[in-house]
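Below, each chain spelled out in residue letters.
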Amino acid sequence: MPETENKEPNKTLKTDRILKDAIEETLEIALEVIDQNELGEHLGHRAEGDRLLTHFFDCKKPGYVGWHWAITVSRVPRSRKVTVSEIDLLPGKNALLAPEWVPWEERLKPGDVSPGDVLPYRQDDDRLMLNRETESGSDEPPLSRLRVLSEEGASDARRRWHRAQKSRTRGRKSAATCASCGFLVAIEGELGKAFGVCANEWSNDDGRLVPLSYSCGAHSETDIQEQGSQWPITPPRVNELDLEIITED
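Residues numbered from 1 in each chain as written. Predicted model: local features only at pLDDT ≥ 70, side-chain atom pairs only at ≥ 80, totals over all residues. Heavy atoms only, no water.

### Quick notes on the confidence of the model for the protein
As a reminder, the rule being used: You can read pLDDT as the predictor saying how much it trusts each residue, on a scale of 0 to 100. Between two residues, a contact is recorded if the distance between any of their heavy atoms is within 4.5 Å.
For the protein, per-residue confidence averages 84 on the pLDDT scale, and residues scoring 70 or more make up 88% of the total. Predicted confidence is poor over residues 4–10, with pLDDT under 50, and the contacts of this stretch with residues over four places away or in other chains come to eight contacts.

### Regarding the packing of aromatic side chains
Applicable threshold: Aromatic contacts are taken between Phe, Tyr and Trp rings whose centres are within 6.5 Å, Trp giving its six-membered ring; a plane angle under 30 degrees counts as stacked, one over 60 as edge-to-face, and the others as tilted. Buried, partly exposed and exposed residues are distinguished by accessible area as a fraction of the type maximum, computed with a 1.4 Å probe on protein chains only: under 20%, between the cut-offs, and over 50%, respectively.
Summed over all chains, the structure comprises two aromatic pairs. Measuring from ring centre to ring centre gives 5.2 Å for Y64 and W67, while their planes differ by 85 degrees; the resulting arrangement is edge-to-face. Of the residues examined, Y64 reaches a relative accessible area of 31% and is grouped as partly exposed. Centre to centre, the rings of W161 and F195 are 5.2 Å apart; their planes meet at 90 degrees, and the pair counts as edge-to-face.

### Focus: the sheet that holds strand β4 (residues 83–91)
Where we set the bar: Whether two strands pair depends on DSSP finding at least two bridges between them. Secondary structure counts use DSSP, requiring at least four H or I residues in a row for a helix and at least two E residues in a row for a strand, with both numbered from the N terminus. Helix axes use the C-alpha atoms of the stretch in contact, all axes being lines fitted to C-alpha atoms, and the angles between their N-to-C directions lie in the range 0 to 180 degrees.
Taken in spatial order, the four strands of this open sheet run β1-β2-β3-β4, and their pairing is antiparallel. Strands at the two margins of the open sheet, each flanked by one partner only, are β1 (39–49) and β4. Ignoring which end each strand starts from, the neighbouring axes of this sheet average 20 degrees apart. Note: β1 against strand β2 (residues 52–59), seven bridges, orientation antiparallel. When the bridges of β2 are listed, H42 appears paired with F57.

### Examining the environment of H55
Our working definition: We call two N or O atoms a polar contact when they sit within 3.5 Å, provided that within protein one can donate a hydrogen and the other can accept it, with sequence-adjacent residues counted only if both atoms are side-chain atoms.
By secondary structure assignment, the location of H55 is in strand β2. H55 sits in the buried class, given a relative accessible area of 0%. On a C-alpha basis, the gap between H55 and K20 in space is 8.0 Å, while along the polypeptide they are 35 residues apart. Residue contacts for H55: discarding those within four places in its chain leaves L19, K20, A22, I23, T26, H42, G44, H45, W69, A70, I71 and V73. For H55, the side chain forms a polar contact with the main-chain oxygen of L19, separated by 2.8 Å.

Structure below.
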């Protein structure tokens, strides 16, 4: 029998004999709403009050391991007719339960957000600070931001951007860095000391954020020595010993 508590733990409830013995009647009524394959053996009963009792049955419903059916029955005074008052599917001590609910905004990861999604407003965000609390004080057109990156937000961005670029720039041989490239678009603020945006359509980083210390073969000031063809052209040669001399009469 599932371990449950009486609604009135300090009161000894008398078990109604008619309701206690009405297992077959309870099953007959319960099978009107419960599939027969989902209802298992009788596990026990519990008195709930005067002429009120709950029968417990094992649950065979797929996916509900450790659960049980609780079917509450009752009868009116001086009547032997049993009626079902309530049918519940309840978890036991070893029941498989869904994990504790976590709000969607706490479950989201950066890669889960699409352009059409709207994130909840976070008033207390350590990555941001009020614009008026910065050294600049306020934005100039076309910018009009209420909050800007805090020191923590900028530090997080630097680590994240360096990590993303490191694998993409591995193996590059050019000695010239992005800091000296004419195609680099400088950005303002604290992050502009370490990053910029590439504007060279011949670069794999075109339109992307690049660290100033990185480099690529599309640097504006790089060049390579002119190299000859891998298939050099040689002048034609004539074997004069095999010539056939033709004369005209």
